[in-house]
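Inside the fold
The primary structure of each chain is shown beneath.
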Amino acid sequence: ETGVTQTPRHLVMGMTNKKSLKCEQHLGHNAMYWYKQSAKKPLELMFVYNFKEQTENNSVPSRFSPECPNSSHLFLHLHTLQPEDSALYLCASSHQHRQGDTEAFFGQGTRLTVV
Amino acid sequence: KQEVTQIPAALSVPEGENLVLNCSFTDSAIYNLQWFRQDPGKGLTSLLLIQSSQREQTSGRLNASLDKSSGRSTLYIAASQPGDSATYLCAYTDKLIFGTGTRLQVFP
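To start, this report covers the structure provided alongside it. Keep in mind that what you see is a predicted model, and the values were worked out from it rather than measured.

This part is about the side chain of Asn50(A). Tracing the chain through its elements places Asn50(A) in strand β5 (residues 44-50). When neighbours within four sequence positions are excluded, Asn50(A) is seen to be in contact with Asn30(A), Ala31(A), Thr55(A) and Gln96(A).

Residues and elements named next belong to chain A. The four strands lie next to each other as β1-β3-β8-β7, forming an open sheet whose pairing is antiparallel. Edge positions in the open sheet fall to β1 (4-7) and β7 (64-70), since each of these has one partner strand only. Mean inter-strand twist for the sheet, computed between neighbouring axes without regard to direction, equals 15°. Here β1 pairs with strand β3 (residues 18-25) via four bridges, running antiparallel. Within β3, the position partnered with Thr7 by the bridge is Lys22.

What follows deals with the environment of Glu56(A). As for its placement among the helices and strands, Glu56(A) is situated in strand β6 (residues 53-57). For Glu56(A), a relative accessible area of 17% gives the class buried. Residues Glu56(A) and Met46(A), spaced 10 residues apart in sequence, show a C-alpha to C-alpha distance of 7.6 Å. Sequence-distant contacts of Glu56(A), defined by excluding residues within four places in its chain, comprise Leu45(A), Met46(A), Phe47(A), Val48(A) and Lys95(B).

Two aromatic rings, taken as a pair, are described by how far apart their centres are and by the angle between their planes. Under the criterion given, the structure shown has eight aromatic pairs over all chains. Consider the rings of Tyr33(A) and Tyr35(A), whose centres lie 6.2 Å apart with planes at 25°: the pair is stacked. By relative accessible area, Tyr33(A) is classed as buried at 0%. Note on Phe25(B) and Tyr92(B): the rings are 5.9 Å apart at their centroids and 50° apart in plane angle, and the pair reads as tilted. Taken together, the residues Phe25(B) in strand β3 (residues 19-25) and Tyr92(B) in strand β9 (residues 86-92) connect sequence positions 67 residues apart. Tyr92(B) matches Phe25(B) in its accessibility class, with the two residues each being buried. An aromatic cluster is defined as three or more aromatic residues linked by ring pairs; in this entry it consists of Tyr33(A), Tyr35(A), Phe106(A), Phe36(B) and Phe98(B).

What follows covers the sheet that holds β3(B). Residues and elements named next belong to chain B. The strand order across the open sheet built from five strands is β1-β3-β8-β7-β6, with neighbouring strands paired in antiparallel fashion. Edge positions in the sheet fall to β1 (4-7) and β6 (56-59), since each of these pairs with one other strand and no more. Put simply, the sheet's adjacent strands are angled 15° from each other on average, direction ignored. Bridge count for strand β7 (residues 62-67) against strand β8 (residues 72-77) is six bridges, and the pairing is antiparallel. Each bridged residue has a counterpart across the sheet, and for Asp67 the counterpart in β8 is Arg72.

Turning next to the interface of chain A and chain B. Counting from both sides, the interface comprises 20 residues of chain A and, opposite them, 19 residues of chain B. In this assembly, chain A packs against chain B so that about 1600 Å² is buried in total across both faces, 57% of it on carbon and sulfur atoms. Applying the counting criterion to the chain A and chain B interface returns zero salt bridges. The tally of links from chain A across to chain B stands at four residue pairs in polar contact (both at pLDDT 80 or more). Among the secondary structure elements, those contributing two or more residues to the side of chain A that touches chain B are β4 (31-37), β9 (87-94) and β11 (100-101) of chain A. Sorting elements by how many residues they give to the side of chain A that touches chain B places β4(A) first, with three residues. Looking at the side of chain A that touches chain B residue by residue, the classes come out as nine nonpolar, six polar and five charged.

The rules behind the values
- Residues numbered from 1 in each chain as written.
- Chains lettered and ligands numbered in written order.
- Predicted model: local features only at pLDDT ≥ 70, side-chain atom pairs only at ≥ 80, totals over all residues.
- Heavy atoms only, no water.
- Helix = DSSP H or I, 4+ residues; strand = E, 2+ residues; numbered from the N terminus.
- Contact = heavy atoms within 4.5 Å.
- Pairing = 2+ DSSP bridges.
- Axes fitted to C-alpha atoms, helices over the stretch in contact; angles between N-to-C directions.
- Buried < 20%, exposed > 50% of the residue type's maximum accessible area, 1.4 Å probe, protein only.
- Phe/Tyr/Trp six-rings, centres within 6.5 Å; stacked < 30°, edge-to-face > 60°.
- Buried area = accessible area lost by both parts, 1.4 Å probe.
- Salt bridge = Lys/Arg side-chain N within 4 Å of Asp/Glu carboxyl O.
- Polar contact = N/O pair within 3.5 Å; in protein donor to acceptor, adjacent residues only side chain to side chain.
- Nonpolar A, V, L, I, M, F, W, Y, C, P; charged D, E, K, R; others polar.

Printed below as a string of structure tokens:
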């Protein structure tokens, strides 16, 4: 248990569905991240939030819509996805300060399959 | 573009060997560097964090070093065990930019 919880663990959705991934941390961190991990590819940073403000959007298609209502919760809203969006989606959190981040912790991920 | 490269991409060794995994990065202005392991289909587990003012960190059989001037970090695993089999990833802050990973298999 890392202190970062992701739900659901597995999700199968059709291309016309709308679903949301949830990430929650109670570590007192101020930064939260979404990553995509496809088979045989490195981890791709999607979004970064610091104190609820989005600080990074790594050219992610608009069919992925993040939401950060507070420093403890992060969502990824999904709509009209494509089969190539099937991947493991990982959430992480850390504490960012001027001298760099503290240790980052990851959730167990959501395995998403788009059919 | 910030890049992180890990060598080797894959490694298969017998139990008991001492191992060195390499991580190189292009941005010498990094703050901290962190090593993770990932088991298949799972999330990442933090192993060691080296802050920019430090040169190395140790935890059990693991030792990680950081040389910012040359843009390199190494993870040393002593007396490897089958339970060490996993993918090892390095990442530097800020933004947690990840390397491509080293897939390690330790066989009995």
